[in-house]
Amino acid sequence: MATPPARYCACGTRLARDNAAAQCHACQRKHQAAAAARPPDVPAVFWDDDRMREALDTWHFGKVLYAYRTHPHHERVLSQEVVADWLGLTQAQLSRIENGPAPQDLGKLMSWAHSLRIPADLLWFKLPRAEHQAPKRAVAKSEPTQSDVQGGLLLPVVVGGHSVMVPVDARTLAESGLGSLLDQPDSAKEHESMSPLNRRAVLKGGIAAAALPGLGLEEVQHVAAALDDARRYMDGPVVEYLRRQIAACKQDDGNLGPKKTLPVMLGLLGAIEEHARDVRPAVRRELLAIGADGAEFAGWLYRDTSQPLQAGRWYDRAMEWAQEANDQAMQGYVLLKKSQMAYDERDAVRVLTLAEAAGQPHWQLPLKVRAEVAQQQARGFAMLGDPMDDVERALGQAHQLLTQHEGASDDPAPHLSPHYNRANLTLQTASCYIEAGQPARAADLYGTVLEGDALSRRDQGYFLARRACSLALAGQPDDAASVGLAAVELSDATNSLRTKRELTRCAATLQPWATRPGPRELREALRA
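Numbering of residues starts from 1 in every chain and runs along the sequence as written. In keeping with the model being predicted, local features are shown solely for residues with a pLDDT of at least 70 and side-chain atom pairs are shown and tallied solely at 80 or more, while totals for entire chains, interfaces and linings include all residues. Heavy atoms from the whole structure form the basis of all side-chain values; hydrogens and water molecules are not counted.

K.L.:
Would you mind showing me how to read the overall build of the chain here?
P.N.:
The way it works is that DSSP assigns letters per residue, a run of H or I at least four long becomes a helix, a run of E at least two long becomes a strand, and they are numbered from the N terminus. Across its full length, the chain carries 24 helices and two strands. Accessible area is worked out with a 1.4 Å probe on protein chains only. A residue is then buried under 20% of its type maximum, exposed over 50%, and partly exposed in between. Put simply, the chain has 528 residues, and 52% of those count as buried. Summarising the internal contacts of the chain: among those between residues at least 6 apart in sequence, 62% fall at separations of at least 24. Methods summary: accessible areas were calculated by the Shrake-Rupley approach with a probe of 1.4 Å, and residue burial reflects only the protein chains presented. Looking at the chain as shown, the accessible area adds up to about 24300 Å², and 49% of this sits on carbon and sulfur atoms. In what follows, residue pairs with any heavy atoms lying within 4.5 Å of each other are defined as contacts.

Encoded structure:
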């Protein structure tokens, strides 16, 4: 009798023969706990409660949170700890939001509304420079012009069956082509009071039609029909369209930054999640494979905005969708991304163990991704203080695998590690040398890559900050401050909190030279 092939959980654990599920028991418990850690689905009448409406009319999200927690639908008052966990906050942070001034950060408002699935027509979000006045329930004028936009608009995002209005600023309108929608005819004669867009047309046309430019009229109509009746129209061309839009978001991120890219990305994921329920199994698997790719990218965007809890949740969603789509390579790739997030959190043991789990052969990762996994293992060895021979051996394996990839005729999974190349390996090698206590060697490697034009603006800023840190550690304060100032300018332009975090570390390392002009100027630039 032939022995059945071994099966593995996404975490790398070999599954027992009597376990018919796709996950080990530990992961099953984890997913059950994660399901309990999400806000419950609430009926439409939930939002019609007088106290909830009064809270929404205050335009104060803290009051909305309090009304949500104390809503009679829950039968008992939800604790601040429970709701804070849903929103990726601590109890103390949620308490300050409820009792302090009204939050103004559009990115946070977007994320919280997304998490609680607040209906679109109840949200009030404006740009900070817009006047704050009580929302009017009256219908807006029927012939808006582009000049009516107060610096931006609210983009409807379908999440969990509900539409959520996401704020998009004027620059994003111009750069993404969203502003062209303002010229569409108003067939419904009804507009959102907070947006000059015909909301019904945008919702029916779908997030995909509103998200990015570059579509002909026929393709827009086809996508709109698919999102309106997924089972009838969601076919290969529409699935391919969604794939292209996610790829375009990835391309835009390097230049626009995460806060510009995230609203559109969440809109696409919301559309995929909503309509994957209503299609044939074969199309569902295609959609979930694309969704897993997008969810992994959303995790990265949240990492770049320093929201690790939200990032982790999207990585978990990517893993779940990849499992259902039977995408082995994506599952291994998500383990690699989790290892990299563990590096953000300075968790050396998880950096190594997750990288080793990603390196298991059953994931069938392409050569390029295997090279990145080997490099990540080298980083884990360096962080744990293992012998330098182990670090160099893993780096040598990464170089060998990347050389094999460069000599291959095709790339079986171009969406995985799309930008990983020789320059990236050099940059990550420099990171390993910093962890191994060789910052001067790291600074030289960073400088080699930064002299070229291989990096996006955001990555240029981040690795300038990394080079500044390495120069500071190597005892070169003036050079470190000069490089750090160049990174500050790029971090402001791309809204990369990850870069600003590195610059803060650099400034702390430069503290012994605090009175020198360069380090002092860097500190002042970071406070500005």
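K.L.:
Is there a simple way to think about the packing of aromatic side chains in this case?
P.N.:
The relative placement of two aromatic rings is captured by the distance of their centres and the angle of their planes. Pairing of aromatic rings covers Phe, Tyr and the six-membered ring of Trp, with a centre-to-centre limit of 6.5 Å; geometry is then stacked below 30 degrees between planes, edge-to-face above 60, and tilted otherwise. With the rule as written, the count across this model stands at seven aromatic pairs. A ring pair is formed by Phe61 and Trp112, whose centres lie 5.5 Å apart and whose planes are at 45°; its orientation type is tilted. Of this pair, Phe61 sits in helix 3 (residues 61-69) while Trp112 sits in helix 6 (residues 106-116), and the two are 51 residues apart along the sequence. When sorted by exposure, Phe61 lands in the same class as Trp112, which is buried. With 6.2 Å between their ring centres and 35° between their planes, Tyr446 and Phe463 make a pair best called tilted. Of this pair, Tyr446 sits in helix 20 (residues 439-450) while Phe463 is found in helix 21 (residues 457-473), placing the two residues 17 residues apart along the sequence. Accessibility classification places Tyr446 together with Phe463 in one group, the buried group.

K.L.:
Explain the side chain of Gln376 to me, please; I cannot follow it from the model alone.
P.N.:
Here Gln376 lies in helix 17 (residues 367-383). Gln376 sits in the buried class, given a relative accessible area of 0%. Contacts of Gln376, omitting those with residues within four sequence positions, involve Leu336, Ser339, Gln340, Tyr343, Val351 and Ala355.

K.L.:
What's the story with helix 3 in this structure? I'm lost.
P.N.:
Each turn of an α-helix holds 3.6 residues, which means side chains three or four residues apart point in the same direction. Most of helix 3 is tucked away: seven of the nine residues are buried. What helix 3 keeps buried is the set Phe61, Gly62, Val64, Leu65, Ala67, Tyr68 and Arg69.

K.L.:
I'm lost on the nonpolar core in this one. Help?
P.N.:
Soluble globular proteins tend to bury their nonpolar side chains together. Ranked by size, the top nonpolar core spans 50 residues in total, and within it Met265 and Leu287 carry the most contacts. At the level of secondary structure, the elements contributing two or more residues to this core comprise helix 11 (236-256), helix 12 (258-275), helix 13 (281-304), helix 14 (308-324), helix 15 (328-344), helix 16 (348-358) and helix 17. Ranked by residue count, the leading element in this core is helix 13, at 11 residues. Note on terminology: a nonpolar core comprises buried Ala, Val, Leu, Ile, Met, Phe, Trp, Tyr and Cys residues joined through side-chain atoms within 4.5 Å. In terms of nonpolar packing, the next biggest core, distinct from the first, is built from 36 residues, Ala394, Leu471, Ala472 and Ala487 among them.

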